[in-house]
Amino acid sequence: MRVQVAIIGGGPAGLLLGQLLHRSGIDSIVLERQTREYVLSRIRAGILERGLVDLLAQAGAADRLIAESYSHDGTVIAYNNQQFSIPFSKYVNKPVTVYGQTELTRDLYDAREAANAKTLFQVENVVLNDLKTDSPSVHCVLDGREITIDCDYIAGCDGFHGVSRQHIPASVRKEFEKVYPFGWLGILSETKPVHEELVYANSDRGFALCSMRNENLSRHYVQCASDDHVDNWSDNAFWDELKRRIPEEFAETLETGPSIEKSIAPLRSFVCEPMQWGRLFLCGDAAHIVPPTGAKGLNTAASDVHYLYNALKQWYADKDHHAIDTYSETALKRVWKVERFSWWMTSMLHRFPEHTEFDLKIQQAELEFLQSTESAQAALAINYVGLPY
Ligand code: RFL
Ligand code: PHB
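Report follows, based on the coordinates. (Residues numbered from 1 in each chain as written. Chains lettered and ligands numbered in written order. Predicted model: local features only at pLDDT ≥ 70, side-chain atom pairs only at ≥ 80, totals over all residues. Heavy atoms only, no water.)

## Digging into the pairing of strand 17 (residues 259-273)
Across 13 bridges, strand 13 (residues 174-189) lies against strand 17 in antiparallel orientation. Within strand 17, the residue paired with S189 across the bridge is S259. Pairing of strand 17 with strand 20 (residues 288-289) involves two bridges; the strand directions are antiparallel. For V271, the partnering residue across the bridge sits in strand 20 and is H288. (Pairing = 2+ DSSP bridges. Helix = DSSP H or I, 4+ residues; strand = E, 2+ residues; numbered from the N terminus.)

## Thoughts on the site of ligand 1
Around ligand 1 sit 28 residues in total, of which A13, E32, R42, Q101 and D285 are the nearest. Here an oxygen atom of ligand 1 sits 2.6 Å away from a polar atom, N or O, in the side chain of E32. Between ligand 1 and the protein, one listed contact pairs an oxygen atom with a side-chain N or O atom of R44 at 2.9 Å. When contributions to the shell around ligand 1 are tallied by element, the ones reaching two or more residues are helix 1 (12-23) and helix 9 (297-318). Along the lines of polarity and charge, the residues of the shell around ligand 1 split into 13 nonpolar, eight polar and seven charged. (Near = heavy atom within 4 Å. Polar contact = N/O pair within 3.5 Å; in protein donor to acceptor, adjacent residues only side chain to side chain. Nonpolar A, V, L, I, M, F, W, Y, C, P; charged D, E, K, R; others polar.)

## Some points on the packing of helix 9 against helix 11 (residues 327-349)
Geometry of a packed helix pair, given as the angle between the helix axes and the separation of the axes. At a closest axis distance of 10 Å, the pairing of helix 9 and helix 11 adopts a crossing angle of 160°. Of the possible angle classes, the one that applies to helix 9 and helix 11 is roughly antiparallel. The element helix 9 and its partner helix 11 pack so that their crossing is right-handed. Within the contact between the two elements, helix 9 uses N299, T300, S303, D304, Y307 and L308 and helix 11 uses Y327, T330, A331, R334, V335 and V338. Across the contact of helix 9 with helix 11, the residue classes tally to six nonpolar, four polar and two charged. (Axes fitted to C-alpha atoms, helices over the stretch in contact; angles between N-to-C directions. Parallel < 35°, antiparallel > 145°, perpendicular 65-115°, else oblique. Left-handed = near helix turned anticlockwise from the far one by under 90°. Contact = heavy atoms within 4.5 Å.)

This is the structure we're talking about:
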């Protein structure tokens, strides 16, 4: 089999890239380790930057999003049983969009199927060959049969635990990592959101976040210990803890109900440099991870896709390889800014086991500064709605 671009991983990054390439007449194949149902059962991000929404429209996969999503013009920050709003529209002329990653991924799979584009599910033992030549290939096993796919380029969109990154030799690859000493316990419930905007809360019992998917579907999180387990948390225990961490005004009106999903995610900052090696290009979680505070994981996968898609388009249309040659450098510039923002939001809003009284005073000062300083709010708003590509 031969294609122009082989895409490893059928998560949002791989699917979006595949669909954009398809619309530009560039032939690709997506190789996914799991089944489509499994990929669509993962509950993850929910806040989309304008750049991602525009890319979905370009990919021809935004119709349902346009009909069903919600625009948000600000966010609430709570601390010390008080709260303040940061109105994005005062500082930047762009809202964010509330639409679940699961729905976005479903739309991309549907668009891919409608276009008759090739996707192979449940592929095993993916190995990338000849990456430093003009004719790389992907070897894998499907239904017990060995398959080789010859191609021009390979996009490694296979997430943090994928195999693509490991194909960059250890002598070249540099990994930067910070693991946070806590996780997020999240639940999805068919309950009314507590407020029209998201509420990020710093409390002396730890961080909490009230988010939503629509007017009858809420997504809430509380900071928990890294080694905690969902079985330790009944729904009632979760709601009680959430109420203790958010301002009374919200706790009193919080609608509770049975969870329809409950999971714990670890918090990590991670960057792999470089993001390209010969004919292999990493996109999304395969190359970097952010802690979810600020909702940047999915959005940063999308900015990588933007750079890679445009670089490939320039090469196939004009034989101009400048953008391909500089992909890693270009993508990493934005990645590190997003890493900084996600780390800053995490540091400002969570309790760390090692916090001293001094650290807590600094955190309070940071929050008071943000509450009282328009330029600090503007800096948050610019980052939250999404840095330009
Ligand atoms: P994904 O979504 O992990 O998709 C990668 C795909 O590659 C497949 N794969 C392979 N396929 C073939 N061969 C192999 N050897 C393969 N190895 C892996 C996987 O099955 C998968 O389908 O990466 P992508 O596309 O880069 O998208 C990134 C986003 O999914 C991610 O940044 C966000 O979901 C991160 N994230 C969150 N981001 C937010 O902005 N807000 C959130 O609330 C939020 N919650 C989360 C999250 C990530 C989580 N993970 C990864 C643990 C919650 C969780 C639990
Ligand atoms: C979510 O709705 O899942 C969400 C929202 C904002 C975040 C993280 C997750 O910062």
